[in-house]
Protein chains: 4
Amino acid sequence: MDFASDNASGLSEVVLAALIAASRGSAPAYGADALTQRAETLLGELFGCETRSFLVTTGTAANALALAALTPPWGAIFCHEDAHITEDECGAPEMFSAGAKLVGVAGEQGKLTPQTLESELQRYVPGLVKQTQPAAVSISQATECGTLYRRAEIAAIGKFAHNRGMSLHMDGARFANALASLGGSAADITWRAGVDVLSFGATKNGTLACEAVVFFDLAKAEHFAFRRKRAGQTLSKGRFLGAQMVAYLENAHWLALATHANAMAERLSKGLAGLSDVAIAWPTEINEVFAIVPSAADRALKAAGARYHDWSARCLPAPVAAGEDKVLVRLVTSFASEAGDIDRVIEIVRSAR
Amino acid sequence: MDFASDNASGLSEVVLAALIAASRGSAPAYGADALTQRAETLLGELFGCETRSFLVTTGTAANALALAALTPPWGAIFCHEDAHITEDECGAPEMFSAGAKLVGVAGEQGKLTPQTLESELQRYVPGLVKQTQPAAVSISQATECGTLYRRAEIAAIGKFAHNRGMSLHMDGARFANALASLGGSAADITWRAGVDVLSFGATKNGTLACEAVVFFDLAKAEHFAFRRKRAGQTLSKGRFLGAQMVAYLENAHWLALATHANAMAERLSKGLAGLSDVAIAWPTEINEVFAIVPSAADRALKAAGARYHDWSARCLPAPVAAGEDKVLVRLVTSFASEAGDIDRVIEIVRSAR
Amino acid sequence: MDFASDNASGLSEVVLAALIAASRGSAPAYGADALTQRAETLLGELFGCETRSFLVTTGTAANALALAALTPPWGAIFCHEDAHITEDECGAPEMFSAGAKLVGVAGEQGKLTPQTLESELQRYVPGLVKQTQPAAVSISQATECGTLYRRAEIAAIGKFAHNRGMSLHMDGARFANALASLGGSAADITWRAGVDVLSFGATKNGTLACEAVVFFDLAKAEHFAFRRKRAGQTLSKGRFLGAQMVAYLENAHWLALATHANAMAERLSKGLAGLSDVAIAWPTEINEVFAIVPSAADRALKAAGARYHDWSARCLPAPVAAGEDKVLVRLVTSFASEAGDIDRVIEIVRSAR
Amino acid sequence: MDFASDNASGLSEVVLAALIAASRGSAPAYGADALTQRAETLLGELFGCETRSFLVTTGTAANALALAALTPPWGAIFCHEDAHITEDECGAPEMFSAGAKLVGVAGEQGKLTPQTLESELQRYVPGLVKQTQPAAVSISQATECGTLYRRAEIAAIGKFAHNRGMSLHMDGARFANALASLGGSAADITWRAGVDVLSFGATKNGTLACEAVVFFDLAKAEHFAFRRKRAGQTLSKGRFLGAQMVAYLENAHWLALATHANAMAERLSKGLAGLSDVAIAWPTEINEVFAIVPSAADRALKAAGARYHDWSARCLPAPVAAGEDKVLVRLVTSFASEAGDIDRVIEIVRSAR
């Protein structure tokens, strides 16, 4: 019963098979191989436009390098105050950008809006030398609250950012879960809505260590190969990144994996929501369930060996947060989650009285 | 016939089996898993002393992060003028160290000596504020010329460095090939000879993407976990780094792989050396053969589909370099090289008249 | 009628005389001269303890270099959300610290408290690798609202910081105005209250371009000479920094200058406070008056040639901010302000009906 | 008898008078004042073309910031191996450029040539991701050997740099001495010869602390105001930088100062050259004399209280360096040097037998 994170899971059988197939023979190094080329082609096809894609090994690298490509060292990047890029990457964006400033903005359900951005941007006078210069907006799809931006919400932020001369970055660590939940096309919630560069996650959803930085604003990709190399993110045996991504994308395997993870979360969320004394902090839209449960249930779950994280967030709804002897927990499902475990968790919480 | 580099090879069967075994079930993320712990234990046992080890995905990351742990931003790092860290990593050490200076020193066969270091260090006045401050010496074992430092040579450099208050780093991208060639213990050519931190390579020798930064000077490791995270080198599914390293080290598998690669290079070197009009630029001590061959042979090899790199180095012996209509080429063998390909290369060169 | 900032003023006669006296003859370069040594001695005497002081040319350099000495690149520095270091230095602290994160904390009258810091620090788990590591707290004395921390307030913050293993930095761009207003000793509101390093401002208060970074935690000063040189802040003709600081400090000249500036601000503040339709946003404790005046008065002042800045701050008291057709303005006096100009401003505002 | 450096001198009377005149009254801060505007205008007139100029306080800041504007963090800057930017600035260019690499090139008399640059550039393959990317060439006028580039020499380097897509930077810490010696126009040895950005020194030649970064390639100046602010080099009382530069430039005062310094050096050089057992290491072309004198003379000079530095340089002519019991010394004259001191030095050396 491991709900600590989707990165606690292993590899999908399809991805594993691709790694095995790629393990023999020789291939050009540093991404000049056929699999890497194929991966970049498939990413272009997925988004239905001209893109430039770069494979890296972690989400932190994808985000930090992508942001570094969008901001000068004296730039400001606006993101939600609970965003992974500012809270959970040990300053990687600051390092790779040579000192840009991440500005956290409050917002319900982990989201930014043109209004909250506008109130923050009011302080910035274009060209005022003493200030950092607004360079980019970064949104997480799905958010750190497990919620989703609708296309119109993204488009509104994209329009706002571009009107202010800023680029729009999307942290898509769980982009697969987001698209599987929203339906529609990957294009609609990225470049068609104004996203200039996307951190396209794959690791949490069944690969070994593979993320793609996908540029829709091709000009911003001009020097990215140097940034990636200099960051130690250009694998010598690049074929293995290519193999993971190709297997992940072909036959919409990535969406099948995410659809399962989402379904498991929905099952868990509905089961918990039906219990008295349990509340769901934010709508369950992907593969994360944020539940406020009685401390007794928390203790029972842990006693039963369930793994998950107690949680906190600055945008937690007050009414939900209220109530003594309760705890907010985050339960994350994955492509590998099993219905039996889900039901067992629900039963343990029900019984813990 | 791929001799472009040992990183053109794939995975050893043993490493692949370990990845398959690790692919199922759940495990704690970010290196808190049992396989990662086991890998760190095995590295400590290998070197027979207390060590702190950190797994990363590339040699560039291992070198740049290790060096960053040894120098302040205003420090100077002394290395051979042909060293990989200064010539082939796109400035990664400068970035991760926040601007330290790599100082290239000339030397035969890609090596540094206390004498060449001394002549360079003469310019540095301890504490003189206008100068960068000597912080570390970095040597490559094996060198970029495919040659090896003997224990006494390393110890002499280690003593020199420590007497000057500098740390000693070893770039061991091909450490396995070096130890397999030299024999003896890993300890003798590292910490017992004064090495403070080692970039322990595994990728070129049969793993997917796995290197270890091994600290013998434990104090220098104090903040390394933050450096690694911030660099985007802390894999969420860390178990897969652990699995590679454990399989690589257990039963001396790594030395068996390297021994084969070295033997293939020796076979190739001896075969070519026996031919008129062919010269070996530097002694073949590991799995790299640097040969000066007639241009006709070079053309014939390429026509036959052989892959390898034309080469150049500032420390190329003048007499060898001389001679018109000849070219210096680097032929690299690996754990996967086959004797048949070796013999075919020799035959093509012999026949190319 | 220039109230734009105290840095719009020129030089005190005493400081000018010192520069003239220093302008002849030769002297050792880079701070090895007698005047610089004398300045460092006087700073030590002023604070009544062992200190290490370094002269630089700007407050931005003093703050950014001081903070860089207190934090690793992966560190977090906590300051008020309106602090000059995070709002008005174009990311200098981020650059000189190689990417540390400035965390803005809300607080009334531009102040931090142990309580507001505690609520922010709750999110930080000691040693948690994914987070930046709390390294320092920075407070401005006087604050960006022109208010002052009392000794007890500083001591409480100092105790909080040290208990959390953080250092305490004080941005003393207007330290002279603060001490002149509070009275007592410089020691009481710095090292005796837990301040580890002080940016001791002099430029705004009558010098040409001279600030001192004063270390009370001597260990933190160990490498500062390299940081200053590397930042281009080690003047070759260092004697001129020494001359300014010596003249500034001798005979308590600096406090005399600040006392005048404060008195002019008090005169202005009282005059304006006596008018209907005018409110003072924050208590006038140094040489800055923040007044909410009718737009008609604002127009009249500007028409009369008065120079000052319209202002905004996130910690503006709501009741004060309220009211249509009014504007918040900042009026800054200096050592050179004249009572006549003050009274003229008051008269213009009174008449603007 | 202070010949340690021209920065051991004080202020020219003209510059001092300008500072006194600027010391009263109020002026807009941060370079928005009339004197700063006037200085920028005069610099444009001096070079007879459209320029963008930025005043800073030190040569290290001017060089490091100028270079940072010409290179990406993964760039390579080629300079003489004895260049001040790589030997004497404690890594400032590396810091401000976020990690660019300075590549030292050997050359006689402290000079680069297209030939020596070509031999170094051979190793660089355009676009090869593993290498740093050639971004700029930096030459010192005058050189660190006190020698001068003629217009044709500069033009040849400029053409080489531009053909390779690199910018050309000139470190003009002693540009005044160079132009005073060469005659002709400032334009001829800068932009007309391909210089894209010049560090225009004034401090060594009679100002307090004032250098200008002069951009001839205007596009490279686009973001410089942010770089300067972020570096803590934007003085709040900017008028004092403007005042120094205006006084320095008006009526060709700067050339008059340099002409005197050069004449004093010529007098010293000729006097010493006439003595047996004394050799001049490099032609005396500006205000620096590099002499190989008997150790007895060296001792006698120091006993007499003469201040100067023993010297070393990698490009010292072997024949000159040879000879036991001799020492290479650097004697620097300035606008303030007096003939009597010059003659006294010569006499002491003559008598020291």
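Worth saying up front: this structure is predicted, and the values here are computed from it rather than measured. (Residues numbered from 1 in each chain as written. Chains lettered and ligands numbered in written order. Predicted model: local features only at pLDDT ≥ 70, side-chain atom pairs only at ≥ 80, totals over all residues. Heavy atoms only, no water.)

**Q** So what's going on with the overall build of chain A? Residues and values would help.
**A** Within chain A, the secondary structure is distributed over 14 helices and 11 strands. For chain A, the C-alpha radius of gyration of 20 Å lies close to 20 Å, the compact-globule estimate for 353 residues. Once the C-alpha set of chain A is aligned to its principal axes, its extents read approximately 60 × 55 × 35 Å. Here chain A holds 353 residues, and 64% of them are scored as buried. Within chain A, contacts between residues separated by at least 24 positions form 77% of all contacts whose residues are at least 6 apart in sequence. Carbon and sulfur atoms provide 52% of the accessible area of chain A, an area that totals close to 11,400 Å². (Helix = DSSP H or I, 4+ residues; strand = E, 2+ residues; numbered from the N terminus. Rg over C-alpha atoms; globule rule 2.2 N^0.38 Å. Buried < 20%, exposed > 50% of the residue type's maximum accessible area, 1.4 Å probe, protein only. Contact = heavy atoms within 4.5 Å. Areas by Shrake-Rupley, 256 points an atom, 1.4 Å probe, with all protein chains shown as cover.)

**Q** Please provide a residue-by-residue account of the interface of chain B and chain C, values included.
**A** Contact residues are listed per partner, giving 15 residues for chain B and 15 residues for chain C. Interface area, chain B with chain C, both sides summed: about 1,400 Å², of which 75% is carbon and sulfur. The largest per-residue losses of area from chain B upon contact with chain C belong to Trp74(B), Phe226(B) and Arg230(B), which jointly make up 51% of the total buried on that side. Applying the counting criterion to the chain B and chain C interface returns 4 residue pairs in polar contact (both at pLDDT 80 or more). (Buried area = accessible area lost by both parts, 1.4 Å probe. Polar contact = N/O pair within 3.5 Å; in protein donor to acceptor, adjacent residues only side chain to side chain.)

**Q** Hey, could you go over the domain arrangement of chain A for me, with residue numbers and the actual values?
**A** Residue and element names in this part refer to chain A. With domains assigned, chain A is organised as domain 1 (13-251) and domain 2 (254-351). Between the C-alpha centres of domain 1 and domain 2 the distance comes to 28 Å. Taken together, the contact pairs 29 residues of domain 1 with 21 residues of domain 2. Around 2,000 Å² of area is buried between domain 1 and domain 2 when both sides are counted, 56% of it from carbon and sulfur atoms. A per-residue breakdown of the area domain 1 buries against domain 2 is headed by Cys 145, Arg 174 and Asn 177, which together make up 24% of the total. Joining domain 1 to domain 2, the criterion identifies 4 salt bridges. Across the pair Arg 150 and Glu 285 runs a salt bridge whose closest N-O atoms are separated by 3.1 Å. The interface formed by domain 1 and domain 2 includes 11 residue pairs in polar contact (both at pLDDT 80 or more). In terms of residue count, the dominant contributor to the side of domain 1 that touches domain 2 is helix H8 (residues 175-182) (7 residues). When the residues that make up the side of domain 1 that touches domain 2 are grouped by side-chain class, the tally is 12 nonpolar, 11 polar and 6 charged. (Domains from an automatic or database assignment. Salt bridge = Lys/Arg side-chain N within 4 Å of Asp/Glu carboxyl O. Nonpolar A, V, L, I, M, F, W, Y, C, P; charged D, E, K, R; others polar.)

**Q** Provide a residue-level description of the relation of the copies chain A and chain B, including the pertinent values.
**A** Laying chain A over chain B is done by rotating through 180° and shifting 0.0 Å along the axis; what remains is an RMSD of 0.0 Å. The superposition of one copy onto the other is thereby described by a two-fold rotation axis. When C-alpha positions in chain A are compared against the rotation axis, the closest is assigned to Ala231(A), at 3.5 Å. Looking at the interface residues of chain A, 100% of them are also at the interface in chain B, so both copies use one shared face. (Least-squares fit on C-alpha atoms with pLDDT ≥ 70 in both.)

**Q** Describe the interface of chain A and chain B, and please don't skip the residues or the numbers.
**A** Listed per partner, the contact involves 48 residues of chain A and 48 residues of chain B. Of the roughly 3,800 Å² buried between chain A and chain B on both sides combined, carbon and sulfur atoms contribute 57%. When the buried surface of chain A facing chain B is broken down by residue, Met95(A), Arg230(A) and Lys237(A) rank first, second and third, together holding 19% of it. The salt bridge involving Arg24(A) is made with Glu13(B); its shortest N-O contact spans 3.5 Å. The tally of links between chain A and chain B comes to 26 residue pairs in polar contact (both at pLDDT 80 or more). Of all the elements, helix H1 (residues 13-22) of chain A adds the most residues to the side of chain A that touches chain B, at 4 residues. Considered class by class, the residues forming the side of chain A that touches chain B number 20 nonpolar, 17 polar and 11 charged.

**Q** Describe the relation of the copies chain B and chain C, and please don't skip the residues or the numbers.
**A** If you rotate chain B by 180° and push it 0.0 Å along the axis, it lands on chain C with an RMSD of 0.0 Å. Both copies share a contact surface, since 100% of the interface residues of chain B are interface residues in chain C too.

**Q** A description of the sheet that holds strand S7 (residues 211-215) of chain B should follow, citing residues and the corresponding values.
**A** All names here are of chain B. Taken together, the 7 strands give an open sheet; going across it, the order is S1-S7-S6-S5-S4-S2-S3, and neighbouring strands pair in mixed fashion. Looking along the sheet, the strands with just one partner apiece sit at the ends: strand S1 (52-56) and strand S3 (101-105). Neighbour to neighbour, the strand axes of the sheet diverge by 20° on average, direction disregarded. Pairing analysis gives 4 bridges linking strand S5 (residues 167-172) to strand S6 (residues 197-201), with the strands arranged parallel. Within S6, the position partnered with Gly 172 by the bridge is Phe 200. Together, S1, S6 and S7 form the strand contacts of helix H2 (residues 34-47), whose direction differs from that of S1 by roughly 125°. (Pairing = 2+ DSSP bridges. Axes fitted to C-alpha atoms, helices over the stretch in contact; angles between N-to-C directions.)

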